[in-house]
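Below are the chains, spelled out letter by letter.
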Amino acid sequence: MTDEIPEIHSVTGPGVPIRGNDIDTDQIIPARFMKVVTFDGLGEFAFFDQRFDDEDNEKDHALNEPHFQDASVMVVNANFGCGSSREHAPQALMRWGIDAIIGESFAEIFAGNCLALGIPTVTADTETVEGIQSWVDENPDGEIHVDVKAGTVTYGDTTVEATVDSAQQKALTEGVWDTTALMKSNADAVAEKARSLPYVHD
């Protein structure tokens, strides 16, 4: 619809499994790292307290594993992104390198914040998600193909059904997911509408 916003029909890349239900936004990006003026550099702090102890020694966490450093598709479990509605959480994941997230379920506001960045959040049942996570463990260099339009996930020789929220699917595939860029690209129309409103003044 606009040259500024890409249409996202699918995402393909290596996976990384992040196991556990109810992983909240404070785990994804601790509050002390939210004082930045911009989101630049936020990726290095993703899951920081799960990845490092108080002396900054590495803990056992998938994002610390060398073979997952190029991952772009995160595979999570139930109620991912719950807790406070901080947009820094998906910003941190995007800046770490994540382009799509497959999970059992997502907190609604978190999924909305992901959509605003063009990150699909697709869901599947527990058995399917755990199967993908196990495959990723065994094939860290293997690619996962998330087809937003078709509602499928393909890994290895396996293709499974996935659910993509219809509004998210429409926004991503039609290139209208970035509302800020959409308003900028239609600035003249926005200004004209504003001039017609009695409560808007120059």
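As shown above, the structure is provided for reference.
Residues numbered from 1 in each chain as written. Predicted model: local features only at pLDDT ≥ 70, side-chain atom pairs only at ≥ 80, totals over all residues. Heavy atoms only, no water.

1. Digging into helix H5 (residues 126-138)
- Compared with an ideal rise of 1.5 Å per residue, which puts 13 residues at 18 Å, H5 spans 19 Å between its outermost C-alpha atoms and is within 8% of the ideal.
- For H5, the complete set of buried residues consists of Thr128, Val129, Ile132, Gln133, Trp135 and Val136. Down the axis of H5, the smallest arc covering the buried residues is 160°, so these residues share one side. H5 presents Glu127 and Glu138 as exposed residues on the side facing more than 90 degrees away from its buried surface.
- Considering only its buried residues, H5 is in contact with strand E1 (10-17), strand E2 (73-75), strand E3 (100-103), strand E5 (143-147), strand E6 (152-155) and strand E7 (158-161).
- With a side-chain oxygen lying 3.2 Å from the backbone nitrogen of Glu127, the N-terminal cap of H5 falls on Asp125. (Helix = DSSP H or I, 4+ residues; strand = E, 2+ residues; numbered from the N terminus. Expected span 1.5 Å × (residues − 1). Buried < 20%, exposed > 50% of the residue type's maximum accessible area, 1.4 Å probe, protein only. Arc of directions from axis to C-beta. Contact = heavy atoms within 4.5 Å. Polar contact = N/O pair within 3.5 Å; in protein donor to acceptor, adjacent residues only side chain to side chain.)

2. Some points on the pattern of salt bridges
- Taken as a whole and assessed by the stated rule, the structure comprises 4 salt bridges.
- The residue Arg86 makes a salt bridge to Asp26 at a minimum N-O spacing of 3.1 Å. Residue Arg86 is located in the loop between E2 and helix H3 (88-96), and its partner Asp26 is located in helix H1 (residues 25-28); the two are separated by 60 residues in the primary sequence.
- Taking the relative accessible area as the measure of exposure, Arg86 reaches 13% and is therefore buried.
- Exposure remark for Asp26: the relative accessible area of 39% places this residue in the partly exposed category.
- We note a salt bridge from Arg32 to Asp49, for which the minimum N-O separation is 2.6 Å. Taken together, the residues span a long stretch of sequence, with Arg32 in the loop between H1 and helix H2 (48-51) and Asp49 in helix H2 at a distance of 17 residues. (Salt bridge = Lys/Arg side-chain N within 4 Å of Asp/Glu carboxyl O.)

3. Considering helix H4 (residues 108-115)
- Burial in H4 covers these residues: Phe110, Ala111, Asn113, Cys114 and Leu115.
- Close packing links the buried residues of H4 with H1, H3, E3, strand E4 (121-123) and helix H6 (166-173).

Keep in mind these values describe shape, not function.
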